[in-house]
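Single-letter residue listing:
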Amino acid sequence: LGLDFFAIMRDDGVSLIDAKIKAKEIYTWHKTYFQKYWAWVNNQVTQARLRGWIETSDGWVEWVSKRTLTTQLMNFPSQATGATMMRGCSAVFYDQWRKGVLPPLLCSQHDAFYYTALHPDAEKVKNEVQRIMTEESRKLIGIEVKSGVKVFDNVKSYVPDTWNQEKQDLWDAAIYSCRV
């Protein structure tokens, strides 16, 4: 998200101690109301430690050692399944490009896909990308995962989360190369 939580706390007058107390309350609430999830995730961790590995539904494996953090194992199913969904979407995007339905995929980054499209086509591209992502989530995990789509009217209206003045030359070079 690129949020500076400490700045938000300062601006809102929330101390670090108060923030930690609130975080603990939210965590306790979550464990109380989502007991099935916590039982499942704890079972995933236990099984991974016993087997020495954990994997996704499509066979993506992470090896587990004594030094593997429990939080890493708890996070693996959601992160790895997200990556599986991204790979599936990429394959469909490629097929749709070959059929002339979508423009070529510009790039992907962690959990996002980037396209360039002429203004009249932007809405069509947005809807098709969202449809594909919804369908891939349904096929993979059995439910629809909502995806957000942002459309930037021009490349200068997008500013990356990590931008700062020192990176301006690099950003300008990237923008130039995207326009070519």
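Use the structure listed above.
The residue numbers shown here count from 1 along each chain, following its written sequence. Per-residue local features are limited, in this predicted model, to residues with pLDDT of at least 70; the limit for side-chain atom pairs, both in listing and counting, is 80 or more; totals at the level of whole chains, interfaces and linings are taken over all residues. With hydrogens and water stripped out, all remaining heavy atoms of the structure feed into the side-chain values.

Caption draft 1: Focus on the packing of helix α3 (residues 35–51) against helix α4 (residues 70–98). Orientation of α3 relative to α4, taken along the N-to-C sense of each, is 115 degrees, at an axis distance of 9 Å. Taken together, the axes of α3 and α4 are roughly perpendicular relative to one another. Handedness of the crossing formed by α3 with α4: right-handed. Across the interface between the two elements, Tyr 37, Trp 38, Trp 40, Val 41, Gln 44, Val 45, Ala 48 and Arg 49 of α3 pack against Thr 70, Leu 73, Met 74 and Pro 77 of α4. In terms of residue class, the contact of α3 with α4 is made up of nine nonpolar, two polar and one charged. All axes here are fitted lines through C-alpha atoms, helices being fitted over the stretch that makes contact, and every angle between N-to-C directions spans 0 to 180 degrees. In DSSP terms, a helix is any run of H or I states spanning at least four residues, a strand is any run of E spanning at least two, and both are numbered starting from the N terminus. By the definition adopted for this analysis, an angle is roughly parallel if under 35 degrees, roughly antiparallel if over 145, roughly perpendicular if from 65 to 115, and oblique otherwise. For a crossing to be left-handed, the near helix must be turned anticlockwise from the far one by less than a right angle; the clockwise case is right-handed. Only heavy atoms enter the contact rule, under which two residues are in contact if any of them lie within 4.5 Å. Note that Gly is not counted as nonpolar here; it falls among the polar residues with everything else outside the nonpolar set of Ala, Val, Leu, Ile, Met, Phe, Trp, Tyr, Cys and Pro and the charged set of Asp, Glu, Lys and Arg.

Caption draft 2: How the structure looks around the packing of aromatic side chains. The criterion for an aromatic pair is that two Phe, Tyr or Trp rings (for Trp, the six-membered ring) have centres within 6.5 Å, with stacked assigned to planes under 30 degrees apart, edge-to-face to planes over 60 apart and tilted to the rest. According to the stated counting rule, one finds eight aromatic pairs in the structure shown. When the ring of Tyr 27 is compared with that of Trp 38, the centres are 5.6 Å apart and the planes differ by 80 degrees; the resulting orientation is edge-to-face. Pair noted here: Tyr 27 is in helix α2 (residues 16–33) and Trp 38 is in helix α3, with a separation of 11 residues, a long-range link. Given the relative accessible area of 11%, Trp 38 is considered buried. Note on Phe 93 and Phe 113: the rings are 4.7 Å apart at their centroids and 90 degrees apart in plane angle, and the pair reads as edge-to-face. Placement of the pair is Phe 93 in helix α4 and Phe 113 in strand β4 (residues 112–114), with a sequence separation of 20 residues. Each residue's exposure class comes from its accessible area (1.4 Å probe, protein chains only) as a fraction of the maximum for that residue type: buried when under 20%, exposed when over 50%, partly exposed otherwise. In this structure Phe 93 comes out as buried when scored by relative accessible area, which is 2%. Judged by relative accessible area, which is 14%, Phe 113 ranks as buried. Above the ring of Trp 38, the side-chain terminus of Lys 31 is found at 4.8 Å from the ring centroid. Whether a charge sits over a ring depends on NZ of Lys or CZ of Arg being within 6 Å of the ring centre and within 35 degrees of the ring normal. Above the face of the Trp 53 ring, Arg 51 is positioned so that its terminal group lies 4.5 Å from the ring centre.

Remember, this is a structural readout, not a statement about activity or role.
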